[in-house]
Amino acid sequence: QVQLVESGGGLVQAGGSLRLSCTASGRTLSSYAMGWFRQAPGKQRELVADITSGGSTNYADSVKGRFTISRDNAKNTVYLQMNSLKPEDTAVYYCAADLVVATMQYSNYWGQGTQVTVSS
């Protein structure tokens, strides 16, 4: 069983930065793909970025060039560095883990979410 705990959310002004962390317990994550999703009020959950066990990354078009996903397998942690934040980035951010990156949205392993609020 994998437990995921996110941290690092908060309130920031537009143009600012935040770094989210997601730390796992219960199992090593080195063989798992990891991802960050977000859900804004009244909207569907969407993929923000994912990273394979081998380190290949993928980003939503809306965050390319602003967000960076990375992982530290020694710390069992995945990060999301968010720069040049915009009000439309406001959402609850969730991390997820899955053995197959393509099916991560259907994973059983999700964190509890962390709120990111960007003020204009």
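Remember, it's a predicted structure, so these values are computed and weren't measured experimentally. (Residues numbered from 1 in each chain as written. Predicted model: local features only at pLDDT ≥ 70, side-chain atom pairs only at ≥ 80, totals over all residues. Heavy atoms only, no water.)

Undergrad: Would you take a moment to explain the nonpolar core for this structure?
TA: Here is a general trend for soluble globular proteins: nonpolar side chains tend to be buried in one another's company. Counting residues in each nonpolar core, the largest one holds 31 residues, and the members touching the most others are Leu4, Met34, Trp36, Leu80, Met82 and Tyr93. Within the residue set of this core, elements represented by two or more residues are strand 3 (18-25), strand 4 (33-39), strand 5 (46-51), strand 7 (67-72), strand 8 (77-82), strand 9 (91-98) and strand 11 (114-119). (Core = buried A, V, L, I, M, F, W, Y, C linked by side-chain atoms within 4.5 Å. Buried < 20%, exposed > 50% of the residue type's maximum accessible area, 1.4 Å probe, protein only. Helix = DSSP H or I, 4+ residues; strand = E, 2+ residues; numbered from the N terminus.)

Undergrad: Would you take a moment to explain the packing of aromatic side chains for this structure?
TA: Where two aromatic rings form a pair, the distance of their centres and the angle of their planes describe that pair. Scanning the entire structure with this criterion turns up 2 aromatic pairs. Plain terms: the ring middles of Tyr32 and Tyr109 are 6.3 Å apart, the flat faces sit at 65 degrees to each other, and that makes the pair edge-to-face. With Tyr32 in the loop between strand 3 and strand 4 and Tyr109 in strand 10 (residues 109-110), this pair connects stretches of sequence that are 77 residues apart. Assigned by exposure class, Tyr32 and Tyr109 land together as buried. Of note, Arg45 hangs over the ring of Phe37, and the distance from its end group to the ring centre comes to 5.8 Å. (Phe/Tyr/Trp six-rings, centres within 6.5 Å; stacked < 30°, edge-to-face > 60°. Lys NZ or Arg CZ within 6 Å of the ring centre and 35° of its normal.)

Undergrad: I'm lost on unusual backbone geometry in this one. Help?
TA: What is expected of a backbone is that most residues other than glycine have negative phi and most peptide bonds are trans. Its identity as a non-glycine residue notwithstanding, Asn76 has a phi of 55 degrees, on the positive side. With respect to the element layout, Asn76 can be found in the loop between strand 7 and strand 8. Residue class for Asn76 comes out buried when judged on its relative accessible area of 12%. A positive phi angle is found at Ser84, which is not glycine, with a value near 50 degrees. Structurally, Ser84 can be placed in the loop between strand 8 and strand 9.

Undergrad: Help me understand the state of the cysteines, please; the structure alone is not making it clear to me.
TA: Put plainly, two cysteines are in a disulfide when a covalent bond ties their sulfur atoms together. Taken as a whole, this structure holds 1 disulfide when the rule is applied. Each sulfur in the disulfide pair Cys22 and Cys95 lies 1.9 Å from the other. Handedness of the Cys22-Cys95 disulfide follows from its S-S torsion of about 50 degrees: it is right-handed. Note that Cys22 is positioned in strand 3 and Cys95 in strand 9, a separation of 73 residues in sequence. The two residues Cys22 and Cys95 agree in class, both being buried. (Disulfide = S-S within 2.5 Å.)

Undergrad: How should the environment of Arg38 be read in this particular structure?
TA: Positionally, Arg38 belongs in strand 4. Along the primary structure Arg38 and Leu99 are separated by 61 residues, whereas in three dimensions their C-alpha atoms are 20 Å apart. Discounting chain neighbours no more than four positions away, the residues touching Arg38 are Gln44, Arg45, Glu46, Val48, Ser62, Val63, Phe67, Glu88, Asp89, Ala91, Val92 and Tyr93. Side chain to side chain, Arg38 and Ser62 meet in a polar contact 3.4 Å long. Here Tyr93 takes part through its side chain, which lies 2.9 Å from a polar atom of the side chain of Arg38. (Contact = heavy atoms within 4.5 Å. Polar contact = N/O pair within 3.5 Å; in protein donor to acceptor, adjacent residues only side chain to side chain.)

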